[in-house]
Structure formats: structure tokens, C-alpha cells
Amino acid sequence: EAMGAALSAGLREQFGRAGPEAAAMADELMFHASTADLARSLVSNSILARAEEAIASDFAGQPLLEADLGESVASVRDALGLHAEAARGHARVAELRARELGAAHPLTLEARRAHAESLLAAGDAGAARGIVDDALALAASLPAYGPLRLRLEQTDTELLAAEGDRAAARQRLEALH
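Presented here is an overview of the structure given in this document. Please read all numbers here as calculations on a predicted model, not as lab measurements.

What follows is about the pattern of salt bridges. Opposite charge on two side chains allows them to pair when their charged atoms are near. Tallied over the full model, the rule gives 15 salt bridges. Between D133 and R129 there is a salt bridge, and its shortest N-O distance comes to 3.0 Å. On the criterion of helical spacing, the pair formed by D133 and R129 is a turn pair, its members being four residues apart in helix 7 (residues 125–138). The class of R129 is buried, set by a relative accessible area of 16%. Residues R170 and E174 are paired through a salt bridge, measuring 3.1 Å at the closest nitrogen-oxygen approach. In this pair, R170 and E174 both sit in helix 9 (residues 166–176), four residues apart, roughly one turn of the helix. Assessed through its relative accessible area of 49%, E174 is described here as partly exposed. Through salt bridges that share partners, R129, D133, R149, E153, D156, E163 and R172 make up one connected network.

We now examine the side chain of D156. Inspection of the secondary structure puts D156 in helix 8 (residues 147–162). Once residues lying within four places of it in the same chain are set aside, the contact partners of D156 are R129, V132, D133, L136 and R172.

Further remarks concern the environment of H90. Residue placement: H90 occurs in helix 5 (residues 83–101). Along the sequence, H90 and T108 sit 18 residues apart, while their C-alpha atoms lie 10 Å from each other. A polar contact of 3.1 Å, which involves the side chain of H90, links it to the side chain of D78.

The residue L120 is located in helix 6 (residues 106–121) in this model. For the pair L120 and T35, spaced 85 residues apart in sequence, the C-alpha to C-alpha distance is 25 Å. Aside from chain neighbours lying at most four places away, what touches L120 is A125, A128, E158, L159 and A162.

Once that is clear, we can look at the packing of helix 3 (residues 35–58) against helix 4 (residues 63–79). Between helix 3 and helix 4, the least distance of the axes is 9 Å, while the angle of their chain directions is 170 degrees. Judged by the angle between their axes, helix 3 and helix 4 are roughly antiparallel. Residues S44, L48, A49, A51, E52, I55 and A56 of helix 3 pack against E66, L69, G70, V73, V76 and R77 of helix 4. Looking at the contact of helix 3 with helix 4 residue by residue, the classes come out as eight nonpolar, two polar and three charged.

As for its position among the elements, T108 is in helix 6. Not counting residues within four places of it along the chain, the set of residues in contact with T108 comprises A94, R97, A98, L101, G102 and A103.

So, on to helix 6. In this model helix 6 runs 22 Å from its N-terminal to its C-terminal C-alpha over 16 residues, within 8% of the 22 Å that 1.5 Å per residue would give. Buried within helix 6 are the following residues: T108, L109, E110, A111, R113, A114, H115, A116, S118, L119 and L120. Buried residues along helix 6 sit against helix 4, helix 5, helix 7 and helix 8. Of the residues flanking the end of helix 6, it is G123, one or two places downstream, whose phi is positive at about 95 degrees.

Calculation rules
- Residues numbered from 1 in each chain as written.
- Predicted model: local features only at pLDDT ≥ 70, side-chain atom pairs only at ≥ 80, totals over all residues.
- Heavy atoms only, no water.
- Salt bridge = Lys/Arg side-chain N within 4 Å of Asp/Glu carboxyl O.
- Helix = DSSP H or I, 4+ residues; strand = E, 2+ residues; numbered from the N terminus.
- Buried < 20%, exposed > 50% of the residue type's maximum accessible area, 1.4 Å probe, protein only.
- Contact = heavy atoms within 4.5 Å.
- Polar contact = N/O pair within 3.5 Å; in protein donor to acceptor, adjacent residues only side chain to side chain.
- Axes fitted to C-alpha atoms, helices over the stretch in contact; angles between N-to-C directions.
- Parallel < 35°, antiparallel > 145°, perpendicular 65-115°, else oblique.
- Nonpolar A, V, L, I, M, F, W, Y, C, P; charged D, E, K, R; others polar.
- Expected span 1.5 Å × (residues − 1).

Everything listed is a geometric property; what it means functionally is a separate question.
What follows is the structure in C-alpha cells.
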């Protein structure tokens, strides 16, 4: 948000130097634009996209390091509210970790959970459901009250609520606590 506000202020300042008519036009344009969305898009499409390209090329021979760095980029996208893009990053991380560590490894399951959370935040509960169901089946061997298993169960509860089954979500949440 702050970056968007700074972008807006900078544009207004530049247009203001061109005279009052240009300043008025800038104000009208800014009224119809979301500078916060523009700033997020710039960060995603320039800084984060370049980071992903560098990670893919520089660490192609080190898939676990590539996964760790990719996870950081996906987490930044989530923090920026770019959940669909973050979901693609988390999916890549899960794919790398599954290939290197196995589908049931805790780091793989955590990446799948993050993927599902991003999909849910992006409004794709259907896709998130499949991922969570698969991850929960693979997590059956984890301790029932272990942190990862609880996070997966929490994500499943959030999905139940998003799917409209609030009573079941509440029941599951109460059982977890």
C-alpha cells in the first residue's frame, strides 16, 4: 500500500510540474486507478519474476535450494496479496521437494499446504480441496498433534468453511483445540 501511495504521489508531483491542467488530469486518472495494485504488479512482474528466473537458472542443479528460494518468492507474493501467482510458486516448490524428498516428506507436505492456502486465498477452493485431501492422506503417519498435521487440519477446516459447511468446520476446529 505504501509503495502505491508513493507511486501516486510521485506521479502527481511530476504532472504538477507540467501545470495545473496536467495536475488536474493526473488527479482524475489517479481516482480511477489502483496505484497499490500497480505497485504490486510492478514488484511481481519485475523484481520477483527476475528472482525466479535467476533461481531457476542458477540453482537448477540444486533442486532443494531452488525449492527453498522459490518458497521465499512465493511467500512474498502471498504477502503482497498475489495469491494465484503465489500458488504457482508453491506448486513448483512442492513438485521439486516431492521429486527429491518424497511425497510424504514433511517439507513436501508443508509446500502442499502452502499451495492449498494460496489457492484458497485466490478463490479456488476446488483445487485447494484436492491438494489438502491428498496431503492429509500422506500425513496420516505423522503424529496426530504434531505441528504440520495440525496446520494441515487447520487448512482443511478453512476449506470446509469456504465450501459453505460452517457447522462441520466449527466441529473440526473444536476437535483440534
